[in-house]
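Letter by letter, the chains look like this.
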Amino acid sequence: PPNSKNYVYPSEIYDEIHNFLPDYIPSLDNNYVEKIKQGDFESAFSELLSYSKKVYELTFHLSQKHDWQLLCSFQDTTDNLHHFFWNKPEYLEKYYGWLDIQLGKFYDLANSQNANMFLVSDHGFGSIDEYFLINTWLHNNGLTKLGSPNEFRKLLAFSKLNRKIVRNILSKLKLKNIASKFIPITLKETIPLESNESNFIEKTSKAFSEAYNEITINTNVSSEYESIRNKIISELLKLERNGKKVV
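My aim in this report is to walk through the structure given alongside it, one point at a time. Just so you know, these numbers come straight off a predicted model, no measurement behind them.

## Quick notes on the pattern of salt bridges
With the rule as written, the count across this model stands at 8 salt bridges. Residue lysine 35 is joined to glutamate 47 by a salt bridge in which the shortest nitrogen-to-oxygen separation is 2.7 Å. With lysine 35 in helix H2 (residues 31-37) and glutamate 47 in helix H3 (residues 41-65), this residue pair connects regions lying 12 residues apart in the sequence. Lysine 35 gets classed as partly exposed once you look at its relative accessible area, which sits at 25%. A relative accessible area of 19% means that glutamate 47 is categorised as buried. For lysine 238, the salt bridge goes to glutamate 235, with nearest N and O atoms at 3.2 Å. Of the two residues, lysine 238 and glutamate 235 both sit in helix H11 (residues 222-238), 3 residues apart, roughly one turn of that helix.

Shown next as structure tokens:
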């Protein structure tokens, strides 16, 4: 979280980081999303760019102050940009122009250390043509059990309260760690994953997805894991839509 103090190892480097960049934060505050909702794209972009600059300033600073065999710098602003500025080329061009210069500096740094440089992305971006409801598909293949929420959970879902909102509220109140330790799991599980939730994933499900980029296989038995994984792969590869492979 942006206000975290326990984000670095060894912990002694924390003081070095904040002596160099007193206002450094380990992750971006979601305030920029509210600015975008209000139509203030210029201010939101400035916040994104400022965060990116601090990440790279700190990376180059630490690379000069410490001996290293592996140096990594993670930049997730490109992800945020394409979620919210995908149709605003003036901002994309400005950001990628700046980013290109930083990559040139990394290239020079790698050459000066006789090191290899790898540029890696975990995914790309494109338009969304259709939605694939993975848990519905897993349910139809007998792997995900979907339960019906009780009246209390229905009420919370109807009020548009979900776990992400609860986590954000607790973080702002600095109560997230306390709540995590003392609130019973059974109570946590009554909070809907999504607003207007109509059903939820049973914990006894053999496979399920709680994020848009993953499928969890719920077993500790290696042979069963392989069997379920192979079934999922096989069935996904069979999927077609309008004569084209989905996967």
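## Structural notes on a nonpolar patch on the surface
Together, Ile165, Ile169, Leu173, Leu175, Ile178 and Phe182 make up a nonpolar patch on the protein surface, roughly 580 Å² of accessible area in all. Where the nonpolar patch is concerned, the elements lending two or more residues are helix H8 (163-172) and helix H9 (176-182). Considering the arrangement of structural elements, one finds isoleucine 169 in helix H8.

## Considerations on the nonpolar core
Among the nonpolar cores identified, the biggest contains 21 residues, and Tyr32, Phe45, Leu81, Phe85 and Tyr95 are the most heavily contacted of them. Of all elements in the fold, only H2, H3 and helix H5 (89-112) reach the threshold of two or more residues within this core. The dominant element in this core, judged by the number of residues it contributes, is H3, at 8 residues. In this structure, leucine 81 is in contact with Phe45, Leu48, Trp86, Leu92 and Tyr95, ignoring residues within four places of it in sequence. With 10 residues, the next largest nonpolar core counts Ile134, Ala207, Ile232 and Leu236 among its residues.

Reading guide: rules and limits
- Residues numbered from 1 in each chain as written.
- Predicted model: local features only at pLDDT ≥ 70, side-chain atom pairs only at ≥ 80, totals over all residues.
- Heavy atoms only, no water.
- Salt bridge = Lys/Arg side-chain N within 4 Å of Asp/Glu carboxyl O.
- Helix = DSSP H or I, 4+ residues; strand = E, 2+ residues; numbered from the N terminus.
- Buried < 20%, exposed > 50% of the residue type's maximum accessible area, 1.4 Å probe, protein only.
- Patch = residues over 30% accessible without salt bridge, like charges linked within 9 Å, V, L, I, M, F, W, Y side chains within 5 Å.
- Areas by Shrake-Rupley, 256 points an atom, 1.4 Å probe, with all protein chains shown as cover.
- Core = buried A, V, L, I, M, F, W, Y, C linked by side-chain atoms within 4.5 Å.
- Contact = heavy atoms within 4.5 Å.

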